[in-house]
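Okay, here's what each chain looks like letter by letter:
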Amino acid sequence: FFDLGLQRVEANLIPRNEASRGLVRALGFRYEGYSPRYIQIRGKREDHERWAIDRQARRAHLKAGGR
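Residues numbered from 1 in each chain as written. Predicted model: local features only at pLDDT ≥ 70, side-chain atom pairs only at ≥ 80, totals over all residues. Heavy atoms only, no water.

Here we look at the nonpolar core
Defined as follows: Buried Ala, Val, Leu, Ile, Met, Phe, Trp, Tyr and Cys residues form a nonpolar core when they are joined through side-chain atoms within 4.5 Å. Burial here depends on accessible area, computed with a 1.4 Å probe over protein chains only, as a share of the maximum for the residue type. Under 20% is buried, over 50% is exposed, and the range in between is partly exposed. Contacts are residue-level and defined by heavy atoms, with any inter-residue pair within 4.5 Å sufficient.
Core analysis: the biggest nonpolar cluster contains seven residues, these being Phe 1, Ala 11, Leu 13, Val 24, Phe 29, Trp 51 and Ile 53. When neighbours within four sequence positions are excluded, Phe 29 is seen to be in contact with Val 9, Glu 10, Ala 11, Val 24, Trp 51, Ala 52 and Ile 53.

Structure, rendered in structure tokens:
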């Protein structure tokens, strides 16, 4: 965030991918919504969850001891 001057980062993940969900939670992202049939992967439309974090939330997460 800080070195690159980013204000916000978003992550879209397939709901059944527990490893990705665990990662975004550990980094302080918050769940923002659900996108049915968001993207086609290997010929199949896949639903996705939308997660995001902004600069202020990232700073607070790091200050609280997050990674």
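From this point, the discussion proceeds with the structure in view.
Digging into unusual backbone geometry
In plain terms, the rule: Here a helix means four or more residues in a row that DSSP labels H or I, a strand means two or more in a row labelled E, and each is numbered from the N terminus.
A positive phi is found at Arg 37, a non-glycine position, where the angle reads about 50°. Within the element layout of this structure, Arg 37 appears in strand 2 (residues 30-41). Assessed through its relative accessible area of 55%, Arg 37 is described here as exposed. Notably, Arg 42 is not glycine yet its phi reads approximately 50°, a positive angle. One can find Arg 42 in the loop between strand 2 and strand 3 (44-54).

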